[in-house]
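Structural overview for review
These are the residues of each chain, in order.
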Amino acid sequence: MKNQAAPACRGSVAQACKSVGRVWLIALLCLAHFAAWHAVATADAKSLPFQEISNAAPPALEAVDLDGSHIALDGFVGKTVLVHFFATWCEPCRPELASLSELKAKHSDAIEILAVSVAEPRVRLQRFFEKNPVNFPVVMDADRSTSQAWGVDMLPTTFVLDPTGAVRLKVEGDLDWSQPNVVARLEELKEVRPNQPTQ
Amino acid sequence: MVVNRREVLKAGGALAAAAACPPFAFAQSNFAPKPGAWRTFETVTRLEISKPAGVVQAWVPLPSFKSDDWFRPGESTWTTNAKKAEIKRDSKYGAEFLHVVWDEGEKAPVLEVTSRFSTQDRAVDLSRLGNGATLSEEERKLFTAPTKLIPTDGIVKETSDKITAGATSDIEKARRIYEWIVENTYRDPKTRGCGTGDVATMLKSGNLGGKCADLNALFVGLARAAGLPARDIYGLRVAPSKFGYKSLGAGSEVVTKAQHCRAEVYLDGFGWVPVDPADVRKVILEEPPGNLPISDDKVAAARQTLFGAWEGNWLAYNVAHDLELPGAKGPTLEFLMYPQAETAEGRLDCLDPDTFTYKITAKEVSA
């Protein structure tokens with residue numbers, strides 16, 4: 001790269017000018033790169049669909065899955081957990097279940113998913129999941145008490161809990177969980193410890 | 001994030017102007033139900049529990065709504081191999097249903113219920129105050145109270161207040177709510193979620209598409225929030241529309257999936273006034289050739305008529321909400337419009353008659 005210093009610089013002064021010029025150029029390039037990275041990072045952060053939640057303790061969740069087994073949320077501590085409220089009749093819910101299965105398949109060592117069906121009979125869920133299998137447990141909230149306790153106002157709604165069991169994120173509406181910025185946000189939660197800010 | 005919520009609330013104000021338009025602004029039509037000719041119908045509901053397990057029970061709604069001027073429930077009879085079958089009546093709303101219990105181990109539980117009722121068209125003259133039946137204080141309280149699926153506070157009240165702002169009479173409030181539902185309740189493909197089943201979350205989600213039980217419940221919720229007694233009536237279409245609307249009647253004698261919920265609003269001086277904004281949306285969506293514009297003549301005629309009038313081609317079961325089914329292990333029923341059953345495996349899916357299994361037929365008979 002040519003030194004753009006004034007043509008009047010000559011000899012050792014010229015050499016010094018060249019070095020200073022290179023330093024400034026490198027500094028300018030670094031600054032430009034940082035600005036561009038920051039813009040992208042800021043845009044990504046703003047475009048994430050998550051509502052950040054300050055370290056909230058989740059309501060209790062203990063329910064029965066489609067095979068009749070009891071599943072409790074506190075059995076999942078140690079991993080990032082997605083508690084996902086849905087209904088098979090809700091059109092946006094259906095493709096998201098497949099997206100969640102893919103997420104679980106790719107990150108099974110770090111992520112658990114617990115899907116909660118709101119006010120649907122078991123036989124309907126069994127028929128649905130026979131045709132659309134998923135790789136995570138599905139429990140039933142037949143009388144809506146769990147979705148009400150969790151403050152669910154829309155289906156689908158997903159709460160993301162960190163490995164200590166604290167609620168950190170909430171998503172209302174469907175989401176493509178394969179998006180790199182979404183996965184990156186979930187990866188960040190792996191390292192969260194109690195009372196640690198998430199931003 | 002709720003999509004379109006602010007736009008939806010703003011539209012309430014815009015609709016005030018639309019609601020003030022006189023009837024002649026809509027298309028002329030012959031969709032004019034007129035009381036005067038009672039019709040008697042007979043329905044047969046047949047259940048065959050295809051996968052019995054443990055103790056099997058069923059609860060089948062019976063025509064139990066009564067109104068001297070348009071609906072008279074008749075007798076229900078049944079045949080079954082159950083050990084017990086008796087008519088039960090909910091004390092709060094008067095909903096009647098047949099409760100049937102089979103012996104544990106019964107391999108082929110079967111039930112057939114035959115019910116009769118008489119009905120006729122309804123049309124309330126809204127151009128002048130009549131001698132509408134008065135409403136007792138107890139009924140007024142019952143039909144302005146919230147239910148599990150129909151809250152009347154929060155966003156429901158907020159939306160109702162926006163829609164009815166400046167209205168100077170109860171009938172104006174009711175009509176504005178009706179028109180708002182006709183104008184706004186469609187499925188916007190851009191919305192990313194659904195309500196959870198109650199009218200508040202429906203409004204919060206911004207996903208205002210839905211079936212009759214959703215849209216007419218929304219009418220009832222908004223009306224109650226405005227202080228107007230209102231109620232859903234859960235029922236079943238039993239005959240074609242005499243006015244040629246394919247979407248507003250039963251297409252054949254098999255009415256297994258023809259359940260339909262209508263609504264009423266109580267207006268002083270007029271009594272209970274029939275409304276059905278959900279059926280206006282059904283005409284838009286389903287009346288051939290389908291997906292009609294809201295300006296279509298058939299839609300305009302339905303919109304005009306279904307505030308204040310109904311055709312008598314429909315069975316009124318009940319107005320019950322949050323019903324405890326006696327003997328049931330499953331949850332409280334938010335409304336009773338379909339046969340219900342349970343086995344040891346849990347509650348059967350009333351929206352899937354082919355695996356339940358049940359079939360309902362209807363025919364007109366001599367009185």
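Residues numbered from 1 in each chain as written. Chains lettered and ligands numbered in written order. Predicted model: local features only at pLDDT ≥ 70, side-chain atom pairs only at ≥ 80, totals over all residues. Heavy atoms only, no water.

To continue, consider the overall build of chain A. In terms of helices and strands, chain A carries five helices and eight strands. Taken from the N to the C terminus, the helices and strands of chain A come in the order α-β-β-β-β-α-β-α-β-α-β-β-α. Across the 199 residues that make up chain A, the buried fraction comes to 42%. For chain A, long-range pairs separated by at least 24 residues make up 69% of all intrachain contacts whose partners lie at least 6 apart in sequence. When the accessible surface of chain A is totalled, it reaches about 10,500 Å², and 58% of it is carbon and sulfur. (Helix = DSSP H or I, 4+ residues; strand = E, 2+ residues; numbered from the N terminus. Buried < 20%, exposed > 50% of the residue type's maximum accessible area, 1.4 Å probe, protein only. Contact = heavy atoms within 4.5 Å. Areas by Shrake-Rupley, 256 points an atom, 1.4 Å probe, with all protein chains shown as cover.)

What follows deals with the overall build of chain B. The helix and strand inventory of chain B stands at nine helices and 15 strands. In summary, chain B has a C-alpha radius of gyration of 20 Å against a globular reference of 21 Å for 367 residues, a match within 12%. Each principal axis of the C-alpha distribution contributes one length, and for chain B these read about 65 × 50 × 45 Å. Per-residue burial over chain B gives 55% buried out of 367 residues. Pairs at least 24 apart in sequence give 75% of the contacts found in chain B among residues at least 6 apart. Summed over its atoms, the accessible surface of chain B is roughly 15,500 Å², and 51% of this surface lies on carbon and sulfur atoms. Charge centroids of chain B, computed over 46 positive and 48 negative side chains, lie 2 Å from each other. (Rg over C-alpha atoms; globule rule 2.2 N^0.38 Å. Lys, Arg positive; Asp, Glu negative; His and termini not counted. Charge placed at Lys NZ, Arg CZ, Asp CG, Glu CD.)

Bringing the side chain of A:His84 into the picture now. Residue and element names in this part refer to chain A. Inspection of the secondary structure assignment puts His84 in strand β4 (residues 80-86). Polar contacts involving the side chain of His84 include one to the side chain of Thr158, which spans 2.8 Å. The residues touching His84, leaving out its near neighbours within four places in the chain, are Glu96, Leu97, Leu100, Leu114, Ala115, Val116, Pro156, Thr157 and Thr158. (Polar contact = N/O pair within 3.5 Å; in protein donor to acceptor, adjacent residues only side chain to side chain.)

Counting 104 residues, the largest nonpolar core has B:Phe219 and B:Val265 as the members making the most contacts within it. Looking at which element gives the most residues to this core, the answer is helix α6 (residues 212-225) of chain B, with ten residues. Those residues within four positions of B:Val265 in sequence are excluded, and the remaining contacts are B:Ala174, B:Phe219, B:Leu228, B:Pro229, B:Ala230, B:Gly271, B:Trp272, B:Val273 and B:Val275. The next biggest cluster of nonpolar side chains, apart from the first, holds 50 residues, and it includes A:Cys90, A:Ile111, A:Phe159 and A:Val160. (Core = buried A, V, L, I, M, F, W, Y, C linked by side-chain atoms within 4.5 Å.)

Moving on to the packing of aromatic side chains. To describe a pair of aromatic rings, one takes the distance between the centres and the angle between the planes. All names here are of chain B. In this structure the tally under the stated criterion is 20 aromatic pairs over all chains. Over the aromatic face of Trp38 sits the side chain of Arg72, whose NZ or CZ is 3.7 Å from the ring centroid. Here Arg122 stacks its cationic end above the ring of Trp310, 4.7 Å away from the centre of that ring. (Phe/Tyr/Trp six-rings, centres within 6.5 Å; stacked < 30°, edge-to-face > 60°. Lys NZ or Arg CZ within 6 Å of the ring centre and 35° of its normal.)

Next up on the list: the environment of B:Ala263. Residues and elements named next belong to chain B. On the secondary structure map, Ala263 appears in strand β9 (residues 259-267). The sequence separation of Ala263 and Glu42 amounts to 221 residues, and the corresponding C-alpha distance is 23 Å. Discounting chain neighbours no more than four positions away, the residues touching Ala263 are Asn216, Phe219, Val220, Arg231, Asp232, Val273, Pro274, Val275 and Trp310.

A few words on the sheet that holds strand β15 (residues 358-365) of chain B. Residue and element names in this part refer to chain B. Here we have four strands laid out as an open sheet, ordered β3-β6-β1-β15, and antiparallel in their pairing. One side of each edge strand has no neighbouring strand; the edge strands of this open sheet are β3 (71-80) and β15. Strand-to-strand, the axes of this sheet are offset by a mean angle of 15°, without reference to chain direction. (Pairing = 2+ DSSP bridges. Axes fitted to C-alpha atoms, helices over the stretch in contact; angles between N-to-C directions.)

It is worth spelling out the packing of helix α4 (residues 170-184) of chain B against helix α7 (residues 277-286) of chain B at this point. All names here are of chain B. It is at 9 Å that the axes of α4 and α7 come closest, and there the two elements cross at 25°. Taken together, the axis directions place α4 and α7 in an arrangement best described as roughly parallel. Where α4 crosses over α7, the handedness of that crossing is right-handed. Side by side, α4 and α7 meet where Tyr178, Ile181, Val182 and Glu183 of the first sit next to Pro277, Val280 and Arg281 of the second. Split into classes, the residues belonging to the contact of α4 with α7 amount to five nonpolar, no polar and two charged. (Parallel < 35°, antiparallel > 145°, perpendicular 65-115°, else oblique. Left-handed = near helix turned anticlockwise from the far one by under 90°. Nonpolar A, V, L, I, M, F, W, Y, C, P; charged D, E, K, R; others polar.)

Interfaces are frequently sized by the accessible area removed from exposure as the parts join. Residue and element names in this part refer to chain B. Each assigned domain of chain B is listed here: domain 1 (5-35 + 120-317) and domain 2 (39-118 + 327-365). The gap between the C-alpha centroids of domain 1 and domain 2 is 27 Å. Listed per partner, the contact involves 32 residues of domain 1 and 27 residues of domain 2. For the pairing of domain 1 and domain 2, the buried interface totals around 2,700 Å² over both sides, and the portion due to carbon and sulfur atoms is 67%. Viewed at the interface, domain 2 and domain 1 are joined by zero salt bridges. Here domain 1 and domain 2 share seven residue pairs in polar contact (both at pLDDT 80 or more) between them. Looking at the side of domain 1 that touches domain 2, the elements that each hand over two or more residues are β8 (230-237), β9 and β12 (314-318). In terms of residues, the side of domain 1 that touches domain 2 owes the most to one element, β8, which gives five residues. (Domains from an automatic or database assignment. Buried area = accessible area lost by both parts, 1.4 Å probe. Salt bridge = Lys/Arg side-chain N within 4 Å of Asp/Glu carboxyl O.)

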